[in-house]
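A structural walkthrough
If you want the building blocks of each chain, they are given just below.
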Amino acid sequence: MREFDYRRADDVSGAVALLDADPDARYLGGGTNLVDLMKSGVERPARLVDVRALPLDRIEPAGDGGLRVGATVTNSDLAAHPVIRRDYPALAQAVLAGASGQLRNMATVGGNLLQRTRCGYFTDVTKPCNKRVPGSGCPAVEGEHHNHAVLGASGHCVAVHPSDMGVALTAFDAVVSYETADGPGQSPLADFYLPVGDTPHRETVLPPGALITHVTLPPAPVAARSRYRKVRERASYAFAIGSVAAALDVGGGVVRESRLAFGAVASRPWRARAAERVLNGAPATAEYFAAAADAELAAARPLPDNGYKVTLMRNLVVAVLSELAEEAAR
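Our subject in this report is the structure included herewith. A quick note: this is a predicted structure, and the numbers were derived from the prediction, not measured.

1. Some thoughts on the sheet that holds strand E10 (residues 242-251)
The strands making up a sheet associate through backbone hydrogen bonding, with each pair oriented either parallel or antiparallel. Within the open sheet, the four strands sit side by side as E9-E10-E11-E12. Their pairing is antiparallel. In this open sheet, the two edge strands, each paired with only one partner strand, are strand E9 (226-231) and strand E12 (270-271). The pairing of E9 with E10 spans six bridges and is classified as antiparallel. Residue Ser 226 lies in a different strand from E10, and its bridge partner there is Ala 247. Packing against the sheet, helix H12 (residues 286-297) makes contact with E10, strand E11 (254-263) and E12, and its axis sits at approximately 45° to E11. Each of E9, E10 and E11 touches helix H13 (residues 308-329); the most contacted strand, E10, lies at about 35° to it.

Laid out in structure tokens, this is it:
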């Protein structure tokens, strides 16, 4: 690890000013991803701006009845919050499904959303990678890709986004707010991550130097009956090979409202809009749940070694939605 400058920000405007003055600087929250990337040489910041002391560590009611979650709230605090557990249970489940307890105690909401892919070619600086060095190539297309994208990828990058939290937040229409030197901004999480296209090194809509300040969860009564299910290659903490965040409102055996998002299948948490269109107004049966999954996965373009993800996600959607429908019928 090379030498770097370290500053502790006293306020949001001061933090933004420090990055505005130095494009090679990075914000430091829990450091659970950034420090690893610094050790491997993927990230080489000249300065770290510590934002943990900023007043962004609260979970409080939003004016419209939703929740406002500060960017430095730890994953552990988010998962344990009683309102999150009651009104957005899939979000609490998603957080608890990610990492170990020690990492959740350090990792922050803002950092979780900005974590980089765990693709082995990205984290190995001896290999080419279009995310690290634009135009150098994507060896995963022909190489090791069993846990890579089946939706929304391109020939320039087939890596997946590793966040569990982001999948649930996407399903619940969360909005990301940020501060820049030119003032505040915000983006719905569904639009926060840029399509891969031919510029996979550009991952989010954040302007250079922007600091995430909070994430807002709008009121969503359907979210109270929700679930997050994650499939991984080992029972101890590991990144997903496929995951689903789902919420279902059923009345009289018919789906009145649904929310569905997929994880570990694309470069970003994937909102399953096509599946939702099939579900809403349809009978709450396994047959229609499978049809909804098929509608979303019709766009899948698997590589030779990851086609299993299409079947896995179809089965996962049917299983999770069936469980929620059974609960609603009790």
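2. Examining the packing of aromatic side chains
This structure, assessed with the given rule, holds two aromatic pairs. Geometrically, the ring pair formed by Tyr 88 and Phe 172 is tilted, given 5.7 Å between the ring centres and 55° between the ring planes. Here Tyr 88 is found in the loop between helix H4 (82-87) and helix H5 (89-97), whereas its partner Phe 172 is found in the loop between helix H9 (165-171) and strand E6 (175-180), with 84 residues between them in sequence. Judged by its relative accessible area of 1%, Phe 172 is buried. Look at Phe 192 and Tyr 193: their rings are 5.1 Å apart centre to centre, the planes differ by 85°, and that puts the pair in the edge-to-face class. The class of Phe 192 is buried, set by a relative accessible area of 0%. According to the relative accessible area criterion, Tyr 193 is buried, its value standing at 5%.

3. Overview of the packing of H12 against H13
Here H12 crosses H13 at 140°, and the two axes come no closer than 9 Å. The angle between H12 and H13 places the two elements in the oblique class. Judged by the sense of rotation from one axis to the other, the crossing of H12 with H13 is right-handed. Two secondary-structure elements touch here, H12 through Ala 286, Phe 289, Ala 290, Ala 293, Asp 294 and Leu 297 and H13 through Val 310, Met 313, Arg 314, Val 317, Val 318, Leu 321, Ser 322 and Ala 325. In the contact of H12 with H13, the residues fall into eleven nonpolar, one polar and two charged.

4. Quick look at unusual backbone geometry
Its identity is not glycine, yet Asp 173 carries a phi of approximately 60°, on the positive side. On the secondary structure map, Asp 173 appears in the loop between H9 and E6. Even without being a glycine, Ala 264 presents a positive backbone phi close to 65°. One can find Ala 264 in the loop between E11 and E12.

5. Quick look at the environment of Leu 114
Note on placement: Leu 114 falls in helix H7 (residues 109-114). For the pair Leu 114 and Gln 93, spaced 21 residues apart in sequence, the C-alpha to C-alpha distance is 20 Å. Not counting residues within four places of it along the chain, the set of residues in contact with Leu 114 comprises Phe 192, Thr 204, Leu 206 and Ile 212.

6. Re H5
Counting buried residues along H5, seven of its nine residues qualify, which places the element largely inside the surrounding structure. For H5, the set of buried residues is Pro 89, Ala 90, Leu 91, Ala 92, Ala 94, Val 95 and Ala 97. Looking at the buried side of H5, the elements it contacts are helix H3 (75-80), H4, helix H6 (101-106), H9, strand E8 (211-217) and E9. Ala 99 sits one or two residues past H5 and shows a positive phi near 65°.

What counts and what doesn't
Residues numbered from 1 in each chain as written. Predicted model: local features only at pLDDT ≥ 70, side-chain atom pairs only at ≥ 80, totals over all residues. Heavy atoms only, no water. Pairing = 2+ DSSP bridges. Helix = DSSP H or I, 4+ residues; strand = E, 2+ residues; numbered from the N terminus. Contact = heavy atoms within 4.5 Å. Axes fitted to C-alpha atoms, helices over the stretch in contact; angles between N-to-C directions. Phe/Tyr/Trp six-rings, centres within 6.5 Å; stacked < 30°, edge-to-face > 60°. Buried < 20%, exposed > 50% of the residue type's maximum accessible area, 1.4 Å probe, protein only. Parallel < 35°, antiparallel > 145°, perpendicular 65-115°, else oblique. Left-handed = near helix turned anticlockwise from the far one by under 90°. Nonpolar A, V, L, I, M, F, W, Y, C, P; charged D, E, K, R; others polar.

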